[in-house]
Amino acid sequence: MPGQHSDAEVTAAGIARLAGVGRAAVSNWRRRYEHFPRPVGGSAASPTFSLPEVETWLRAHGKLAEVPLRERLWQLVESDPAGPADALARICEQLIGHGERAPAGAGPLAGAAAGLAAEAGPSTAYEFLLARLLDTAAVRHLSLTPPGAAELMAALAGPAEVLYDPACGPCTLLAAGHEAAGPAEVYGQEADPALARLGGGRLALRGSAVAVQVRAGDSLLADAFPGLAADAVLTHPPFNERNWGHERLAYDPRWEYGLPARTESELAWVQHALAKLRPGGIAVLLMPPAAASRRTGRRIRAALLRRGALRAVIALPAGAAPPHNLPLHLWVLRKPGGAAAPAPRLLVVDTAAHRPPDSRDGLDWQALRHTVLDAWTAFDRDGDLPESPGVHRAVPVIDLLDDDVDLAPGRHLPAPAESADTATLAAVRRDLADTLRRTQDLAPEDPPPGAPPGPRWSTVTIGELARSGALEIHLPPTGQPRRGDVLVPLLLDGQEAPRAVEDGCAPPDRHTGLLRPDPGALDPWFLAGFLRSSANARQASSYASSATRIDIRRLKVPRLALSEQRRYGRRFEAIAAFEAALLHATDLGRRLIQGTVDGLTDGTLPPGD
């Protein structure tokens, strides 16, 4: 209500979210209506307005959308005078101290936070706000660890009484380790004080008796836990750091395996992690692929192998974690000493096969996790495991100690058996021929000669449909998508398009919007097809940052009867089937080409006449 948050301000983008319109509509209102609220702060290029005044004006003119409580709370967080990070930290402290109750004399921010905590639970409410903050431009430069990668790393580390992350960021890995390992003590350090504060609160809100200590500071230059001996270390360290302290730390006792080169900051983090483990403890680090093969690091890699500290190198598919264009590696290390003897072999695993040819489907994290954990469990138990061509192998350490000490898994794995299997290649060829025939049957038909132009219609925005109850907008999506939902990519990169959800769809990421249409009002395929229009995407796009984003509420569809929608929907569904067949044919063609080339080059296929 007006007056409940008299100091709160809102940007033009926030007004657009309140009204369920695009920013262009807000600019139009400012020009057309002299009584539109005047700016109270910000700058000429990015003014801010009084939130109570804006709400009063929108309500008086019938333009105020029903905003969910969590969206209203985020608007208060985003417009807080001290900044959203500070506002979120205050909310965290409030939730830790008061739970679902607002403290006496609380302002609108605290009241809304208590309301959302009562509705969803304190930890869930905070996780929603933290995810929103991490998706803003102010922190978009961070290389955040995705949940799938974090859960896999925690599973590789196994049970731990004492868990540590020396570059914890918002504590994603420690939260995953907390869920999987059940530690009694959790320690984290983060160079950014604001992130350290937010991450520590995230762990404290988990509601267990775990002792949590998260400190601000650079772990390499100013270790906050000098005497720590952890059971497990999980970390996603910063990559390619040139100013990590090479000169200042030249004689540091942590460099048991050799002084890292100035360009090898990642090997400094590896040795810091080992130094923080008890004998026999495990560290799992997310690493850039170059760390496995750069010549500047070969002596340290050799020392890690000779001492038995490095146990596994696991190549993830491109897109598993940022930067998404690189197939990052997981390094699994065990602190020498105790009952563990030096390992004569190194496990190498390549999970590239779990990246589907159609990138819209994302990674199959469940299958990838099984591949990695099954190989690691057997290898860690027996010190060896049967070779699986193209997937995993236990490589004798002596075979790796050459001039390069190159540990990239792909260099030590034999090609998959399929490449030399003539029967398999013949099956791929038959599948390709069937698929190509199917694409001909599915290809869109030519319009009949002399066909009249399509109809002219009035349109309605997604925001208006949401206000009328014809559909729900979920930003970000939560839970598993249902059949009949429509997924809309929010980044205009040309790689993905809106699509209706079929059974077995993978959960969408935070850069995807989810629309849940009322089946009695909207056909999902009709909706997905019209939202895919190039003109529609251009009109609803924003160029406010380096990544072009779609304002999902500004997208438009025609006003058509449900029966007419279904006619269009059937056509759009057929086009989607044609597209899927083309993508499948492309994948089969690549497999046939590579398999034939590999068979010819390894001598298993004759060249013929």
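Coordinates for the structure precede this section.
In this text, all values refer to a predicted model and were calculated from it rather than measured experimentally. (Residues numbered from 1 in each chain as written. Predicted model: local features only at pLDDT ≥ 70, side-chain atom pairs only at ≥ 80, totals over all residues. Heavy atoms only, no water.)

Participant: How should the overall build of the chain be read in this particular structure?
Facilitator: A tally of regular secondary structure across the chain gives 19 helices and 20 strands. Put simply, the chain has 609 residues, and 48% of those count as buried. Partitioning the intrachain contacts of the chain with sequence separation of at least 6 by distance along the chain shows that 71% fall at a separation of at least 24. Looking at the chain as shown, the accessible area adds up to about 28900 Å², and 52% of this sits on carbon and sulfur atoms. (Helix = DSSP H or I, 4+ residues; strand = E, 2+ residues; numbered from the N terminus. Buried < 20%, exposed > 50% of the residue type's maximum accessible area, 1.4 Å probe, protein only. Contact = heavy atoms within 4.5 Å. Areas by Shrake-Rupley, 256 points an atom, 1.4 Å probe, with all protein chains shown as cover.)

Participant: Please clarify how the sheet that holds strand β5 (residues 185-190) should be interpreted in this entry.
Facilitator: Within a beta sheet, neighbouring strands are joined by backbone hydrogen bonds and run either parallel or antiparallel to one another. Ordered in space as β6-β5-β4-β7-β8-β10-β9-β11-β12, the nine strands form an open sheet in which the pairing is mixed. The open sheet is flanked by β6 (211-216) and β12 (392-396), the only strands paired with a single partner. Taken over all neighbouring pairs, the strand axes of this sheet differ in orientation by 15° on average, direction set aside. As defined by bridge partners, strand β4 (residues 162-165) adjoins strand β7 (residues 230-235) across two bridges and the pair is classed as parallel. Residue pairing for β7: Tyr164 is matched across the bridge by Val233. Packed on one face of the sheet, helix α8 (residues 147-157) meets β7, β8 (277-287), β9 (310-315) and β10 (329-334) and runs near 160° to β8. Seen against the sheet, helix α11 (residues 265-275) touches β4, β7, β8 and β10 and runs at an angle of roughly 155° to β8. (Pairing = 2+ DSSP bridges. Axes fitted to C-alpha atoms, helices over the stretch in contact; angles between N-to-C directions.)

Participant: Looking at this structure, I do not really get the sheet that holds strand β2 (residues 39-42). What am I missing?
Facilitator: Taken in spatial order, the three strands line up as β1-β3-β2 in an open sheet, and their pairing is antiparallel. Either end of the sheet is taken by a strand with one partner, and the two such strands are β1 (9-11) and β2. Across the sheet, the axes of successive neighbouring strands diverge by a mean angle of 45°, strand direction being ignored. Where β2 and strand β3 (residues 47-50) come together, three bridges link them in antiparallel fashion.

Participant: Is there a simple way to think about the pairing of β5 in this case?
Facilitator: Along any regular strand, the residues point their side chains to alternate faces of the sheet. With five of six residues buried, β5 is to be regarded as a mostly interior element. Taken together, β4, helix α9 (residues 172-181) and β5 form a β-α-β motif whose crossover is right-handed. The pairing of β5 with β6 spans six bridges and is parallel. What sits directly across from Glu190, in β6, is Ala216. (Right-handed = clockwise from strand over helix to strand, strands pointing away.)

Participant: Help me out: how do you make sense of the packing of aromatic side chains in this one?
Facilitator: Aromatic ring pairs are defined here through the distance separating the ring centres and the angle between the ring planes. Taken as a whole, this structure holds 13 aromatic pairs when the rule is applied. Taking the centre distance of 6.2 Å and the plane angle of 85° together, the rings of Tyr164 and Phe225 count as edge-to-face. Remark: Phe225 occurs in the loop between β6 and β7 and Tyr164 occurs in strand β4; sequence separation between them is 61 residues. Exposure class is identical for Tyr164 and Phe225. Each is buried. (Phe/Tyr/Trp six-rings, centres within 6.5 Å; stacked < 30°, edge-to-face > 60°.)

Participant: Would you explain the pattern of salt bridges in this entry?
Facilitator: One side chain can pair with another of opposite charge once the charged atoms of both are near each other. Counted under the stated rule, the structure contains 25 salt bridges. For Asp86, the salt bridge goes to Arg197, with nearest N and O atoms at 3.4 Å. Note that Asp86 is positioned in helix α5 (residues 84-98) and Arg197 in helix α10 (residues 193-204), a separation of 111 residues in sequence. Arg197 gets classed as partly exposed once you look at its relative accessible area, which sits at 38%. (Salt bridge = Lys/Arg side-chain N within 4 Å of Asp/Glu carboxyl O.)

Participant: Explain helix α6 (residues 108-120) here, please?
Facilitator: In an α-helix, one turn spans 3.6 residues, which is why side chains three or four residues apart end up on the same side. For α6, spanning 13 residues, the distance from its first C-alpha to its last is 18 Å, which sits close to the expected 18 Å at 1.5 Å a residue. Those residues of α6 not exposed but buried are Leu109, Ala110, Ala112, Ala113, Ala114, Leu116 and Ala117. Those residues of α6 that are buried lie in contact with α4 (69-78), α5 and α7 (122-134). Gly121 occupies a position one or two residues after α6 and carries a positive phi of about 100°. (Expected span 1.5 Å × (residues − 1).)

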